[in-house]
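Residues per chain are reported as follows:
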Amino acid sequence: KGAGKAACILPHGVLFRGNAEASIRQQLVRSGYLKGIIGLPANLFYGTGIPACIVVLDKENAAGRKGVFMLDASKGFIKDGNKNRLREQDIHRIVDTFKRQQDTPRYARLVPRAEIADSKNDFNLNISRYISTAVGEKEISLATTHDELVEIGNAIQTATAKHNEFLKELGL
């Protein structure tokens, strides 16, 4: 069909393994059929602890598709016994973000085909290549930290002097 659609749950490894899987990825990206990839948490399904993904294929408007929408939902879950479980809110966030194709820092973005095909990526679709979940470190002001340390040093000197006075009073 010219407008066929499919969503397949697959092991995360299909996104980056070589050989035949690499050729399939390359063809899906180049043809525009690959609409999106949703990375799921590890330990979600019974019988396996490996992370999975949902690969969304869509032939409709494939020629005009500019890239692959990637969504990293691997952090949105609750521990339920020895398994992980997606909560209603996690599912709603995934569906809403995917439907809107909404770029969200550290969660989702439309990755241009050129970036995926670039020699440094070579059609590797591992989500962490394109969506960084790292949170930036808090910036530290050296001047403020220095002032705080000076204050602490003064407080230590005052406490030491008071302590020594008490020892003198006790004759020690």
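Residues numbered from 1 in each chain as written. Predicted model: local features only at pLDDT ≥ 70, side-chain atom pairs only at ≥ 80, totals over all residues. Heavy atoms only, no water.

Below, the discussion takes up the environment of Pro51. By the element assignment, Pro51 lies in the loop between strand 2 (34-39) and strand 3 (52-58). The class for Pro51 is partly exposed, based on a relative accessible area of 33%. Excluding residues that lie within four positions of it along the chain, Pro51 makes contacts with Pro11, His12, Leu40, Pro41 and Ala42. (Helix = DSSP H or I, 4+ residues; strand = E, 2+ residues; numbered from the N terminus. Buried < 20%, exposed > 50% of the residue type's maximum accessible area, 1.4 Å probe, protein only. Contact = heavy atoms within 4.5 Å.)

All right, on to the pairing of strand 3 then. For strand 3, the buried fraction is high: five of the seven residues fall into the buried class. Relative to strand 3, strand 1 (residues 5-11) runs antiparallel, the two being bridged by seven bridges. Among the inter-strand pairings, Lys5 is bridged to a residue of strand 3, identified as Asp58. Of the pairings in the sheet, the one linking strand 2 to strand 3 comprises five bridges and is antiparallel in character. Of the residues in strand 3, the one forming a bridge with Leu34 is Leu57. (Pairing = 2+ DSSP bridges.)

On to the side chain of Arg25, then. Relative to the helices and strands, Arg25 resides in helix 1 (residues 20-31). Of the side chains bearing the opposite charge, Glu21 lies closest to the buried Arg25, which forms no salt bridge; the N-O distance is 5.2 Å. Separated by 3.0 Å, the side chain of Arg25 and the backbone oxygen of Val14 make a polar contact. In this structure, Arg25 is in contact with Val14, Leu15, Phe16, Arg17, Phe123, Asn124 and Leu125, ignoring residues within four places of it in sequence. (Lys, Arg positive; Asp, Glu negative; His and termini not counted. Salt bridge = Lys/Arg side-chain N within 4 Å of Asp/Glu carboxyl O. Polar contact = N/O pair within 3.5 Å; in protein donor to acceptor, adjacent residues only side chain to side chain.)

Right, let's get into the pattern of salt bridges. Enumeration over the complete set of coordinates arrives at eight salt bridges. Where Arg17 meets Glu21, a salt bridge forms, and the shortest distance between an N and an O atom there is 2.7 Å. Salt bridges here are not isolated pairs; linked through shared partners, they connect Lys5, Lys35, Asp58, Glu60 and Arg65.

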